[in-house]
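# Observations on chain architecture
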Amino acid sequence: MGFNATCTPGQDAGAAMIRVTPDVPALAIYLDPVNIAIQLPPFPGGSDVLMRFCRELSREAAKLADHLGNQEGRHALAEEAPDVRG
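Residues numbered from 1 in each chain as written. Predicted model: local features only at pLDDT ≥ 70, side-chain atom pairs only at ≥ 80, totals over all residues. Heavy atoms only, no water.

### Side note on the environment of Gln39
One can find Gln39 in strand β3 (residues 35-39). Look at Gln39 and you get partly exposed, because its relative accessible area is 42%. Distance from Gln39 to Leu27, taken between C-alpha atoms, is 6.6 Å for residues 12 residues apart in sequence. In contact with Gln39, not counting residues within four places along its chain, are Val20, Pro25, Ala26 and Leu50. (Helix = DSSP H or I, 4+ residues; strand = E, 2+ residues; numbered from the N terminus. Buried < 20%, exposed > 50% of the residue type's maximum accessible area, 1.4 Å probe, protein only. Contact = heavy atoms within 4.5 Å.)

Below, the structure written as structure tokens:
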């Protein structure tokens, strides 16, 4: 199934590993109010595909978080620093 969507996380956004059934794990993304579940692909080797995807998602999400943290840190320092120019 293919589709494109653009969403933004709300204040209560989160993510979790869930079990759809005892044998079917999934990644749940709660965007507040939109929810998405990414499940095992229904073909041989599907668990390997989902595993690789989750690892890539983790790496790229960490890069984005680091980038945003650096951006926020620079702005916060500039806004909170006292004006020493007199």
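There is more to say, and it comes next.
### Considerations on the pattern of salt bridges
Counting across every chain of the model gives 1 salt bridge. A salt bridge links Glu60 to Lys63; the shortest N-O distance between them is 3.0 Å. Placement of the pair is Glu60 and Lys63 together in helix α1 (residues 46-80), with a separation of 3 residues, close to one helical turn. (Salt bridge = Lys/Arg side-chain N within 4 Å of Asp/Glu carboxyl O.)

### A word on unusual backbone geometry
The general pattern is negative phi for most residues beyond glycine and trans for most peptide bonds. Cis geometry marks the peptide bond from Asp32 to Pro33, where omega comes out at 20°. As for its placement among the helices and strands, Pro33 is situated in the loop between β2 (24-30) and β3. Despite not being glycine, Asp32 shows a phi value in the positive range, around 60°.

### A look at the confidence of the model for the protein chain
Looking at the protein chain as a whole, the pLDDT averages 87, with 81% of positions reaching at least 70. Here α1 stands out as the least confident element of the protein chain, with mean pLDDT 84; β2 is the most confident, with 96. (pLDDT = per-residue confidence, 0-100.)

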